[in-house]
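What the coordinates show
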Amino acid sequence: MSGRTYELSNGVIEYELRCDRCGEVFVCGDDSYYSWPVLCAAAEAEGWATAPGLDGEHECSGCAAAVRQSDLVSARAA
């Protein structure tokens, strides 16, 4: 599970998106971390591969690119 929630003292919930492979945390420069769908959309715009749920698989742009590359190599070999 690479999605996490944190409840602040004022009751606001923040979301954290972490790569399942390398552990990198997605950092955004705006308030996207207050909404899981918005945070995922911002991460996808940066090249991340995200699942809709907190417990889905999420990969940073580097790991997602490596997976796509290995899939391409496997497809060529088949």
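These remarks concern the structure in this document.

What counts as what
- Residues numbered from 1 in each chain as written.
- Predicted model: local features only at pLDDT ≥ 70, side-chain atom pairs only at ≥ 80, totals over all residues.
- Heavy atoms only, no water.
- Helix = DSSP H or I, 4+ residues; strand = E, 2+ residues; numbered from the N terminus.
- Buried < 20%, exposed > 50% of the residue type's maximum accessible area, 1.4 Å probe, protein only.
- Polar contact = N/O pair within 3.5 Å; in protein donor to acceptor, adjacent residues only side chain to side chain.
- Salt bridge = Lys/Arg side-chain N within 4 Å of Asp/Glu carboxyl O.
- Arc of directions from axis to C-beta.

**Digging into the side chain of H58**
The topology assignment puts H58 in the loop between α1 (36-45) and α2 (61-77). With relative accessibility at 0%, the residue H58 sits in the buried group. Reaching out from H58, the side chain makes a polar contact with the backbone oxygen of G53 at a distance of 3.1 Å.

**Things to note about the pattern of salt bridges**
Counted according to the given criterion, the structure contains three salt bridges. Ionic pairing is found between R4 and E16, a salt bridge with its closest N-O pair at 3.9 Å. Here R4 is found in strand β1 (residues 3-7), whereas its partner E16 is found in strand β2 (residues 13-17), with 12 residues between them in sequence. Within the structure, one salt-bridge network assembled from shared partners comprises R4, E16 and R18.

**Some thoughts on α1**
Because an α-helix completes one turn every 3.6 residues, residues spaced three or four positions apart along the sequence face the same direction. Taken residue by residue, α1 has W36, L39, C40 and A43 as its buried positions. The buried residues of α1 occupy one face: seen down the axis, they fall within an arc of 100°. Exposed residues on α1 whose side chains face more than 90 degrees from its buried face are P37 and A45. Once α1 finishes, G47 follows within two positions and takes phi at roughly 100°, a positive value.

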